[in-house]
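Residue-level structure breakdown
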Amino acid sequence: MKPHQRRFLDLALDRQVLRFGQFTLKSGRTSPYFFNAGLFDSGAALQALGDCYADALDDSGLAYDMLFGPAYKGIPLATALSVALAARGRDVPVAFNRKEAKAHGEGGTLIGAPVRGRVLVVDDVITAGTAIRESIQTIRAAGGEPCGVLIALDRQERGQVGERSAAEEVTAEFGLPVHAVAGLDELLARADERPDLAGHKDALVAYRAAYGSRR
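We now turn to the structure provided with this report. Along each chain, residue indices are assigned from 1 in the same order as the chain's sequence is written. A pLDDT threshold of at least 70 governs which residues receive local features in this predicted model, and a stricter bar of 80 or more applies before side-chain atom pairs are shown or counted, although totals over entire chains, interfaces and linings include all residues. Just so you know, side-chain values use all the structure's heavy atoms and leave hydrogens and water out.

A separate point is the environment of phenylalanine 40. One can find phenylalanine 40 in the loop between strand E2 (30-35) and helix H2 (43-60). Linking phenylalanine 40 and valine 17, residues 23 residues apart in sequence, is a C-alpha distance of 6.9 Å. The contact rule is simple, with two residues in contact once any of their heavy atoms fall within 4.5 Å. Discounting chain neighbours no more than four positions away, the residues touching phenylalanine 40 are Phe8, Leu11, Ala12, Arg15, Val17, Phe35, Ala45, Leu46 and Leu49. In this description a helix means any DSSP run of H or I spanning at least four residues, a strand means any run of E spanning at least two, and both kinds are numbered starting from the N terminus.

And the structure:
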(Lines give C-alpha, C1' and ligand atoms only; values in the text may rest on other atoms or scores of the structure.)
Protein backbone atom coordinates (compact mmCIF):
# COMPACT_ATOMS: atom_id res chain seq x y z
CA MET A 1 0.00 0.00 0.00
CA LYS A 2 1.27 3.45 -0.88
CA PRO A 3 1.54 6.22 1.75
CA HIS A 4 -1.21 8.35 0.20
CA GLN A 5 -3.58 5.37 0.20
CA ARG A 6 -2.96 4.75 3.88
CA ARG A 7 -3.46 8.44 4.65
CA PHE A 8 -6.67 8.51 2.64
CA LEU A 9 -8.19 5.46 4.32
CA ASP A 10 -7.29 6.72 7.78
CA LEU A 11 -8.78 10.12 6.95
CA ALA A 12 -11.99 8.48 5.70
CA LEU A 13 -12.21 6.34 8.82
CA ASP A 14 -11.46 9.20 11.22
CA ARG A 15 -14.10 11.41 9.55
CA GLN A 16 -16.61 8.51 9.47
CA VAL A 17 -16.77 8.87 5.71
CA LEU A 18 -16.09 5.14 5.64
CA ARG A 19 -18.39 3.22 7.96
CA PHE A 20 -19.10 -0.42 8.67
CA GLY A 21 -22.37 -2.22 9.32
CA GLN A 22 -25.21 -3.22 6.99
CA PHE A 23 -26.06 -0.77 4.25
CA THR A 24 -28.50 -1.23 1.38
CA LEU A 25 -26.98 0.14 -1.83
CA LYS A 26 -28.78 1.46 -4.89
CA SER A 27 -28.07 -1.91 -6.48
CA GLY A 28 -30.15 -3.58 -3.76
CA ARG A 29 -27.11 -5.37 -2.36
CA THR A 30 -26.44 -5.33 1.37
CA SER A 31 -22.92 -4.04 1.84
CA PRO A 32 -20.80 -4.34 5.00
CA TYR A 33 -19.35 -0.88 4.36
CA PHE A 34 -20.43 2.49 3.04
CA PHE A 35 -18.51 5.50 1.73
CA ASN A 36 -20.03 8.98 1.98
CA ALA A 37 -17.67 11.64 0.61
CA GLY A 38 -20.09 14.35 1.72
CA LEU A 39 -18.65 13.95 5.23
CA PHE A 40 -15.35 15.45 4.13
CA ASP A 41 -17.00 18.60 5.38
CA SER A 42 -14.32 20.89 6.80
CA GLY A 43 -11.40 22.87 5.47
CA ALA A 44 -8.85 20.60 7.12
CA ALA A 45 -10.51 17.44 5.82
CA LEU A 46 -10.76 18.79 2.27
CA GLN A 47 -7.14 19.96 2.37
CA ALA A 48 -5.97 16.50 3.45
CA LEU A 49 -8.22 14.86 0.87
CA GLY A 50 -6.96 17.14 -1.91
CA ASP A 51 -3.40 16.11 -1.07
CA CYS A 52 -4.36 12.43 -1.33
CA TYR A 53 -5.99 13.04 -4.72
CA ALA A 54 -2.91 14.96 -5.87
CA ASP A 55 -0.59 12.12 -4.84
CA ALA A 56 -2.80 9.61 -6.65
CA LEU A 57 -2.83 11.81 -9.75
CA ASP A 58 0.95 12.17 -9.71
CA ASP A 59 1.26 8.41 -9.28
CA SER A 60 -1.06 7.74 -12.24
CA GLY A 61 1.17 9.51 -14.75
CA LEU A 62 -1.89 10.90 -16.53
CA ALA A 63 -1.38 13.92 -18.81
CA TYR A 64 -4.12 16.53 -18.27
CA ASP A 65 -4.79 20.21 -18.85
CA MET A 66 -7.74 20.87 -16.55
CA LEU A 67 -10.14 19.34 -14.03
CA PHE A 68 -13.89 18.79 -14.22
CA GLY A 69 -16.10 18.07 -11.19
CA PRO A 70 -19.53 16.56 -11.88
CA ALA A 71 -22.37 18.05 -9.80
CA TYR A 72 -22.68 17.69 -6.96
CA LYS A 73 -19.99 15.85 -4.98
CA GLY A 74 -17.42 16.20 -7.72
CA ILE A 75 -17.47 19.99 -7.34
CA PRO A 76 -15.67 20.27 -3.97
CA LEU A 77 -13.44 17.30 -4.85
CA ALA A 78 -12.14 18.85 -8.09
CA THR A 79 -11.76 22.18 -6.28
CA ALA A 80 -9.79 20.59 -3.42
CA LEU A 81 -7.54 18.85 -5.92
CA SER A 82 -6.92 22.07 -7.85
CA VAL A 83 -5.90 23.84 -4.62
CA ALA A 84 -3.55 20.98 -3.72
CA LEU A 85 -1.96 21.11 -7.17
CA ALA A 86 -1.53 24.89 -6.91
CA ALA A 87 0.31 24.40 -3.62
CA ARG A 88 2.71 22.15 -5.53
CA GLY A 89 3.34 24.77 -8.18
CA ARG A 90 0.82 23.85 -10.88
CA ASP A 91 -2.15 26.17 -11.39
CA VAL A 92 -4.74 23.98 -13.10
CA PRO A 93 -8.08 25.34 -14.43
CA VAL A 94 -11.21 23.77 -12.98
CA ALA A 95 -14.82 23.65 -14.19
CA PHE A 96 -18.02 21.99 -13.11
CA ASN A 97 -21.61 21.69 -14.21
CA ARG A 98 -25.04 22.53 -12.89
CA LYS A 99 -27.75 19.93 -12.73
CA GLU A 100 -30.17 22.36 -14.37
CA ALA A 101 -29.36 25.02 -16.97
CA LYS A 102 -29.47 28.62 -15.72
CA ALA A 103 -31.61 30.95 -17.83
CA HIS A 104 -30.38 34.24 -16.34
CA GLY A 105 -27.00 35.79 -15.57
CA GLU A 106 -24.22 33.94 -17.33
CA GLY A 107 -26.66 31.16 -18.24
CA GLY A 108 -25.85 27.63 -19.33
CA THR A 109 -24.84 24.57 -17.36
CA LEU A 110 -21.07 25.08 -17.04
CA ILE A 111 -19.26 27.14 -14.41
CA GLY A 112 -15.57 27.94 -14.13
CA ALA A 113 -12.77 27.77 -16.66
CA PRO A 114 -13.47 27.21 -20.36
CA VAL A 115 -13.53 23.50 -21.09
CA ARG A 116 -10.67 22.76 -23.45
CA GLY A 117 -7.74 20.43 -23.89
CA ARG A 118 -7.32 17.20 -21.92
CA VAL A 119 -9.96 17.18 -19.20
CA LEU A 120 -9.70 14.97 -16.11
CA VAL A 121 -13.01 14.05 -14.44
CA VAL A 122 -12.79 14.05 -10.63
CA ASP A 123 -15.49 12.35 -8.55
CA ASP A 124 -16.00 10.31 -5.37
CA VAL A 125 -17.01 6.84 -6.59
CA ILE A 126 -18.41 5.19 -9.69
CA THR A 127 -21.59 3.22 -9.09
CA ALA A 128 -23.67 2.94 -12.25
CA GLY A 129 -21.34 5.27 -14.15
CA THR A 130 -24.18 7.64 -15.06
CA ALA A 131 -22.48 10.82 -13.81
CA ILE A 132 -19.26 9.91 -15.63
CA ARG A 133 -21.07 9.27 -18.92
CA GLU A 134 -22.90 12.59 -18.63
CA SER A 135 -19.62 14.36 -17.84
CA ILE A 136 -17.94 12.89 -20.90
CA GLN A 137 -20.79 14.10 -23.10
CA THR A 138 -20.71 17.56 -21.50
CA ILE A 139 -16.94 17.89 -21.90
CA ARG A 140 -16.98 16.87 -25.54
CA ALA A 141 -19.94 19.14 -26.34
CA ALA A 142 -18.01 22.06 -24.85
CA GLY A 143 -14.94 21.35 -26.98
CA GLY A 144 -12.75 19.46 -24.54
CA GLU A 145 -11.51 15.89 -24.64
CA PRO A 146 -11.83 13.63 -21.58
CA CYS A 147 -8.46 12.09 -20.71
CA GLY A 148 -9.36 10.00 -17.68
CA VAL A 149 -11.27 9.70 -14.43
CA LEU A 150 -9.95 10.02 -10.88
CA ILE A 151 -12.14 8.80 -8.02
CA ALA A 152 -11.65 8.51 -4.28
CA LEU A 153 -12.67 4.88 -3.69
CA ASP A 154 -13.01 1.98 -6.10
CA ARG A 155 -15.33 -0.61 -4.61
CA GLN A 156 -13.99 -3.07 -7.21
CA GLU A 157 -17.48 -4.46 -7.41
CA ARG A 158 -19.09 -5.79 -10.56
CA GLY A 159 -22.20 -4.23 -12.00
CA GLN A 160 -25.61 -5.80 -12.36
CA VAL A 161 -24.68 -7.39 -15.69
CA GLY A 162 -21.40 -9.03 -16.58
CA GLU A 163 -18.17 -9.44 -14.69
CA ARG A 164 -16.73 -5.92 -14.99
CA SER A 165 -16.84 -3.29 -12.28
CA ALA A 166 -18.42 0.07 -13.01
CA ALA A 167 -14.94 1.58 -13.38
CA GLU A 168 -13.91 -1.15 -15.81
CA GLU A 169 -17.08 -0.59 -17.82
CA VAL A 170 -16.18 3.10 -18.24
CA THR A 171 -12.73 2.12 -19.48
CA ALA A 172 -14.16 -0.45 -21.88
CA GLU A 173 -16.85 1.88 -23.22
CA PHE A 174 -14.84 5.08 -23.61
CA GLY A 175 -11.22 3.93 -23.64
CA LEU A 176 -10.47 6.16 -20.65
CA PRO A 177 -8.26 5.15 -17.73
CA VAL A 178 -9.95 5.19 -14.33
CA HIS A 179 -7.69 5.70 -11.31
CA ALA A 180 -8.67 5.63 -7.65
CA VAL A 181 -6.97 7.00 -4.58
CA ALA A 182 -7.62 3.58 -3.00
CA GLY A 183 -9.79 0.53 -3.50
CA LEU A 184 -11.24 -2.43 -1.64
CA ASP A 185 -7.89 -4.23 -1.91
CA GLU A 186 -6.19 -1.45 0.06
CA LEU A 187 -9.02 -1.36 2.60
CA LEU A 188 -8.53 -5.08 3.22
CA ALA A 189 -4.79 -4.55 3.59
CA ARG A 190 -5.40 -1.71 6.06
CA ALA A 191 -7.66 -4.03 8.06
CA ASP A 192 -4.61 -6.23 8.60
CA GLU A 193 -2.75 -3.23 10.04
CA ARG A 194 -5.39 -1.62 12.25
CA PRO A 195 -6.77 -3.71 15.12
CA ASP A 196 -9.98 -1.68 15.14
CA LEU A 197 -10.73 -2.89 11.61
CA ALA A 198 -9.87 -6.55 12.12
CA GLY A 199 -13.41 -7.45 13.16
CA HIS A 200 -14.80 -6.21 9.84
CA LYS A 201 -12.41 -8.06 7.55
CA ASP A 202 -14.35 -11.34 7.25
CA ALA A 203 -17.48 -9.49 6.12
CA LEU A 204 -15.43 -7.50 3.57
CA VAL A 205 -13.80 -10.66 2.22
CA ALA A 206 -17.18 -12.41 1.94
CA TYR A 207 -18.67 -9.42 0.11
CA ARG A 208 -15.78 -9.33 -2.34
CA ALA A 209 -16.15 -13.07 -2.94
CA ALA A 210 -19.84 -12.56 -3.75
CA TYR A 211 -19.72 -9.35 -5.77
CA GLY A 212 -16.12 -8.52 -6.64
CA SER A 213 -15.27 -7.87 -10.28
CA ARG A 214 -13.62 -10.79 -12.05
CA ARG A 215 -11.39 -8.85 -14.47
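So, on to H2. Any helix carries an expected span of 1.5 Å times its number of residues minus one. The first and last C-alpha atoms of H2 sit 25 Å apart over 18 residues, in line with the 26 Å expected at 1.5 Å per residue. Here the term buried applies to any residue with accessible area under 20% of the maximum for its type, exposed to any over 50%, and partly exposed to those in between, with areas from a 1.4 Å probe on protein chains only. Within H2, the full set of buried residues consists of Ala45, Leu49, Gly50, Cys52, Tyr53, Ala54, Asp55, Ala56 and Leu57. Contacts from the buried residues of H2 go to helix H1 (3-14), helix H3 (74-87), strand E6 (118-123), strand E7 (145-154) and strand E8 (178-183). Just past H2, the residue glycine 61 takes up positive phi, approximately 75°.

So, about the pairing of E7. Buried residues dominate E7, accounting for eight of its ten residues. If the strands point away from the viewer and the path from the first strand over the helix to the second runs clockwise, then the crossover is right-handed. In the classification by handedness, the crossover that spans E6, the intervening helix H4 (residues 130-141) and the parallel E7 is right-handed. Paired strands, in this sense, are two strands between which DSSP finds at least two bridges. With five bridges joining them, E7 and E8 adopt parallel strand pairing. Each bridged residue has a counterpart across the sheet, and for aspartate 154 the counterpart in E8 is glycine 183.

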